[in-house]
Amino acid sequence: MEFWTGDPTAGADAIQLSVDDAADEIVQTSRQQRLAFPGDPKCVICGRYGEYICDQTDDDICSLECKQTLLDRIAKAQSSAAIKKVPGKDECFYVSDGRSESMSLTADQTELLRKKLGIHVKGNSVPPPVLSFSCCNLHSKLLNNVESAGFDLPTPVQMQAIPVALNGRSVLASADTGSGKTASFLIPVISHCAAFRLAQNANNSTKRPLAIVLTPTRELCIQVEDQAKLLGKGLPFKTALVVGGDPMAGQIHRLHQGVELIVATPGRLIDLLAKHDMELDDVTMFVVDEVDCMLQRGFRDQVMQIFLSLAQPQVLMYSATISDSVEKLASSMAKDIVLISIGQPNKPSMAVKQVAIWVDTKQKKQKLFDVLSSKQHFDPPAVVYVGSRIGADLLSNAISVSTGLKALLIHGEKSMKERREAMRQFLMGEAPVIVSTGVLGRGIDLLGVRQVIVFDMPNSIKEYVHMIGRASRMGVEGKAIAFINEESKALFPEFVEVLKSSGAAVPRELANSRYSSKSLPSSKSWKKRKLG
Ligand SMILES: Nc1ncnc2c1ncn2[C@@H]1O[C@H](COP(=O)(O)OP(=O)(O)OP(=O)(O)O)[C@@H](O)[C@H]1O
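Starting afresh in each chain, residues are numbered from 1 along the sequence in its written order. Local features in this predicted model are restricted to residues of pLDDT 70 or higher, and side-chain atom pairs are both shown and tallied only at a pLDDT of 80 or more, whereas totals for entire chains, interfaces and linings draw on every residue. With hydrogens and water stripped out, all remaining heavy atoms of the structure feed into the side-chain values.

- The name an unreviewed UniProt entry gives the protein chain is DEAD-box ATP-dependent RNA helicase 41, with Linum trigynum as the organism.
- Taken directly from UniProt, the Catalytic activity (unreviewed entry) text for the protein chain runs: "ATP + H2O = ADP + phosphate + H(+)". UniProt positions are given in the numbering used here, feature names are shortened, and annotations may be inferred rather than shown by experiment.

Take a look at the structure:
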């Protein structure tokens, strides 16, 4: 029997175990717990094996550490709510359809709540945040699925974005990595799709897609589709995955059977639309995840091509990092859009402890082997990010040879089968390290990963923010080590700022570099001044 009671703050002495387990050692930290096998209960905080039940909430948890995080989070949400208690199931503060008998937030309460939660909004008549999922007038099966997924309380981005999207408004939202953005668009999408189908005449056999989610990578599409299936279970809600690398015939077959949601990478979807007739007239929700990456050169034309083939859909766009130009372009895609940002935009999650190490390029490999061989510094499972596919191939080999550790490998040139297998092995804990290019840099929810090593700095600090975000989900603490040297000098001013704002030490060489100053004059004016 797995059970504990007691006050975690009082330490291990206060924990009382059932008689059967008295001899077993309590798992103290998330890292000491094994990963969950399919069908196992999962820790609601970190996703590892949910060996215990939290006595105060009945949630599955893996360790004392996650129990404490869970209780802290609940306490924080309660105080943040600026209202004496979190509403019970039938006690709503936000009511979307006026049918519930409960009260709505006043303008002052809404403002206070947003301030406490770090929610910033721009737009006309933005609905107030919700304090619970049960206040959103969701189909009972969807609500059950949300609860079964362990989502007891909405996160701040969910509190604000879900009611806005449920009201049919377009959204551009930015919030920390690992803060639950995926569910904040999937819940409104599933709600809309299920309601539409249930209202559709039963004899009407046409089941054209109702919503599209675009993401930049196949892995992210797979993850989003998995979560959509989980949250849409038992509802008239089917999904199709449309990504490169898998045979197109199977994807077309599935689409012809009738689906509500297409989760796709832009290139493959365009390819498919060009070769096969596909009616997109009923698509009224268009989601762009990792929007800043998707509206950059490379993806932008494809995304816009798909968008323009739809009849003015509601647009939901999300990322942890959003620039002014993306905000401008996104705003032009939808009328009366609501802009939502949580906390400090474009900053790394404060839950990730960053360590920047100055290392010359030639010394980087040895430095990495030193970290991976050090009990003190290596905290597996870990992701190592490199800049190129060849670099990834070479490095994963070198790690295995030099340290004896099994290092998996994933990049864009691997087949879909190899990429799926590498992910499976890593998530099942079969290897302590995975070497990756940017394919795992964004969006991927690598539950259990607490360490990221940025071997090659990416081209922008935004990508860096996404990469180190893999080390922490839902505020659980993680670590990031970044190797930096003169080769990344273009990033210095922003990198120094990011380190400082996170309270991380700035390496001496970086601090002293003339490239680190934001006010550094351009080379022309520099020359001018010298000559003058
Ligand atoms: N309300 C909630 N309560 C508990 N867990 C949640 C909740 N919402 C989401 N999660 C879990 O939190 C984790 C992170 O969520 P998600 O992957 O959506 O983050 P994200 O904001 O999209 O991150 P990124 O910017 O890195 O893509 C997931 O494991 C998800 O299942």
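Past the structure itself, the notes keep going.
## Observations concerning the overall build of the protein chain
Phase 1 of the analysis: Runs of E in the DSSP output that reach at least two residues are strands. Runs of H or I that reach at least four are helices, and both are numbered from the N terminus. Helices and strands together make up the secondary structure of the protein chain, namely 18 helices and 18 strands.
Phase 2 of the analysis: We call a residue buried when its accessible area falls under 20% of the maximum for its residue type, exposed when it is over 50%, and partly exposed in between, using a 1.4 Å probe and counting protein chains only. Considering the protein chain as a whole, with its 532 residues, one finds that 52% of them fall into the buried category.
Phase 3 of the analysis: Put simply, of all contacts in the protein chain between residues at least 6 apart along the chain, 68% involve residues at least 24 apart.
Phase 4 of the analysis: Of the roughly 24700 Å² that the protein chain leaves accessible, carbon and sulfur atoms contribute 50%. Residue contacts are defined here by distance: any two heavy atoms, one from each residue, within 4.5 Å place the two residues in contact. Where accessible areas are quoted, they stem from the Shrake-Rupley method and a 1.4 Å probe; at the residue level, only the protein chains shown are allowed to cover.

## Here's the deal with the packing of helix H12 (residues 364-372) against helix H13 (residues 389-403)
Phase 1 of the analysis: For the pair H12 and H13, the least separation of the axes is 10 Å and the interaxial angle reads 55°. Relative to H13, the element H12 lies oblique. The handedness of the crossing between H12 and H13 is right-handed. Residues Lys365, Leu368, Phe369 and Leu372 of H12 pack against Leu395, Ala398, Ile399, Ser402 and Thr403 of H13.
Phase 2 of the analysis: Residues were grouped as follows: Ala, Val, Leu, Ile, Met, Phe, Trp, Tyr, Cys and Pro as nonpolar; Asp, Glu, Lys and Arg as charged; and all remaining residues, including Gly, as polar. Partitioning the contact of H12 with H13 into residue classes produces 6 nonpolar, 2 polar and 1 charged. Throughout, an axis means a line fitted to C-alpha atoms (over the contacting stretch in the case of helices), and angles, computed between N-to-C directions, take values from 0 to 180 degrees. Roughly parallel refers to an angle under 35 degrees, roughly antiparallel to one over 145, roughly perpendicular to one between 65 and 115, and oblique to any angle outside these ranges. Left-handed describes a crossing in which the near helix is turned anticlockwise from the far one by less than a right angle; the clockwise case is right-handed.

## Some points on the site of the ligand
Phase 1 of the analysis: Around the ligand sit 20 residues in total, of which Gly178, Lys181, Thr182, Asp445 and Arg470 are the nearest.
Phase 2 of the analysis: A distance of 2.7 Å separates an oxygen atom of the ligand from a polar side-chain atom of Thr182.
Phase 3 of the analysis: Within 3.5 Å is the distance limit for a polar contact, defined as a pair of N or O atoms, with the added protein rule that one can donate a hydrogen and the other accept it, and that residues adjacent in sequence qualify only through two side-chain atoms. For the ligand, an oxygen atom lies 2.5 Å from a polar atom in the side chain of Asp445.
Phase 4 of the analysis: Protein coverage of the free-state accessible area of the ligand, which is 640 Å², stands at 93%.
Phase 5 of the analysis: Tallied by class, the residues present in the shell around the ligand amount to 5 nonpolar, 9 polar and 6 charged. Any residue with a heavy atom lying within 4 Å of a molecule or strand is counted as near it.

## Observations concerning the domain arrangement of the protein chain
Phase 1 of the analysis: What counts as a domain boundary in this text is fixed by an automatic or database domain assignment. Splitting the protein chain by domain gives domain 1 (12-81), domain 2 (107-342) and domain 3 (352-531).
Phase 2 of the analysis: Each partner contributes to the interface: domain 1 provides 10 residues, whereas domain 3 provides 13 residues.
Phase 3 of the analysis: Interface area, domain 1 with domain 3, both sides summed: about 930 Å², of which 59% is carbon and sulfur.
Phase 4 of the analysis: It is Arg31, Leu35 and Arg73 that lose the most area in domain 1 upon contact with domain 3, and together they represent 45% of the buried surface on that side.
Phase 5 of the analysis: The term salt bridge refers to a side-chain nitrogen of Lys or Arg lying within 4 Å of a carboxyl oxygen of Asp or Glu. Here domain 1 is connected to domain 3 by 0 salt bridges.
Phase 6 of the analysis: Applying the counting criterion to the domain 1 and domain 3 interface returns 1 residue pair in polar contact (both at pLDDT 80 or more).
Phase 7 of the analysis: Grouping the constituent residues of the side of domain 1 that touches domain 3 by class yields 5 nonpolar, 2 polar and 3 charged. As used here, buried area is the combined drop in accessible area, with a 1.4 Å probe, of two parts when they are placed together.

## Remarks on the sheet that holds strand S17 (residues 451-454)
Phase 1 of the analysis: One bridge is not enough; two strands pair if DSSP finds at least two bridges between them. What the 6 strands build is an open sheet, ordered S13-S18-S17-S14-S16-S15; its pairing is parallel. Two strands in the sheet have a free side with no partner beyond their single neighbour: strand S13 (352-358) and strand S15 (407-410). Across the sheet, the axes of successive neighbouring strands diverge by a mean angle of 20°, strand direction being ignored.
Phase 2 of the analysis: In terms of strand pairing, S17 meets strand S18 (residues 478-484) through 4 bridges, oriented parallel. Bridge pairing in S18 links Val454 to Ala482.
Phase 3 of the analysis: Packed onto the sheet, H13 meets strand S14 (382-385), S15 and strand S16 (433-436) and runs at close to 175° relative to S15.

## Some points on the layout of surface pockets
Phase 1 of the analysis: Considering only enclosed or pocket space, the second largest pocket measures out at about 920 Å³ in volume.
Phase 2 of the analysis: Cavities and pockets were defined on a 1 Å grid built over protein atoms only: a cavity is a set of grid points that admits a 1.4 Å probe from which the probe cannot escape, a pocket is an open set flanked by protein on both sides within 12 Å along at least five of seven lines, and lining residues are those with an atom within 4 Å of any such point. In terms of lining, the second largest pocket is formed by 36 residues, of which the most central are Cys293, Thr437, Gly438, Val439 and Glu463.
Phase 3 of the analysis: Elements with a contribution of two residues or more to the lining of the second largest pocket: helix H8 (266-275), helix H9 (291-294), helix H11 (324-333) and helix H15 (461-468).
Phase 4 of the analysis: Broken down by element, the residue count for the lining of the second largest pocket peaks at 4 residues, all from H15.
Phase 5 of the analysis: Considered class by class, the residues forming the lining of the second largest pocket number 11 nonpolar, 15 polar and 10 charged.
Phase 6 of the analysis: Of the domains in this structure, domain 2 (107-342) and domain 3 (352-531) are the two that each give at least three residues to the lining of the second largest pocket. Grid points are joined across faces, edges and corners, and a volume is the space filled by probe spheres set on the points.

## Focus: the sheet that holds strand S9 (residues 261-264)
Phase 1 of the analysis: Strand order in this open sheet of 8 strands is S5-S12-S6-S11-S10-S7-S9-S8, and the pairing throughout is mixed. Of all strands in the sheet, those with a lone pairing partner are strand S5 (119-122) and strand S8 (239-242), marking the two edges. Neighbour-to-neighbour, the strand axes of this sheet turn through a mean angle of 15°, independent of strand direction.

## Here's the deal with the packing of aromatic side chains
Phase 1 of the analysis: Centres within 6.5 Å make a pair out of two Phe, Tyr or Trp rings, where for Trp the six-membered ring is used; the pair is then stacked when the planes are under 30 degrees apart, edge-to-face when over 60, and tilted otherwise. For the structure shown, the criterion picks out 5 aromatic pairs.
Phase 2 of the analysis: Arranged with centres 5.2 Å apart and planes meeting at 85°, the rings of Tyr464 and Phe495 form a pair that is edge-to-face. Of the two residues, Tyr464 is situated in helix H15 and Phe495 in helix H16 (residues 492-501); the sequence distance between them amounts to 31 residues. Each member of the pair, Tyr464 together with Phe495, is buried.
Phase 3 of the analysis: When the ring centre of Phe455 is taken as origin, the NZ or CZ atom of Lys364, which lies over that ring, is 4.9 Å away. Here, a charge over a ring is recorded when the distance from Lys NZ or Arg CZ to the ring centre is within 6 Å and its angle to the ring normal is within 35 degrees.

## Side note on the confidence of the model for the protein chain
Phase 1 of the analysis: Per-residue pLDDT for the protein chain has a mean of 85; in total, 86% of the residues score no lower than 70.
Phase 2 of the analysis: Per residue, pLDDT captures the predictor's confidence, and it can take any value from 0 to 100. Between residues 80-103, whose pLDDT stays under 50, and residues either more than four places distant or in other chains, the model counts 53 contacts.
Phase 3 of the analysis: This stretch, residues 519-532, has a pLDDT under 50; its non-local contacts, to residues over four places away or in other chains, come to 4 contacts.
Phase 4 of the analysis: Our summary of model confidence lists the complex with pTM equal to 0.77 and ipTM equal to 0.99.

## Considerations on the environment of Val439
Phase 1 of the analysis: Within the fold, Val439 resides in the loop between S16 and S17.
Phase 2 of the analysis: The class for Val439 is buried, based on a relative accessible area of 12%.
Phase 3 of the analysis: Considering only alpha carbons, one finds Val439 and Ala330, 109 residues apart in sequence, at a separation of 24 Å.
Phase 4 of the analysis: Those residues in contact with Val439 that sit more than four places away from it in its chain are Thr217, Glu219, Ile410, His411, Gly412, Arg419 and Ile444.

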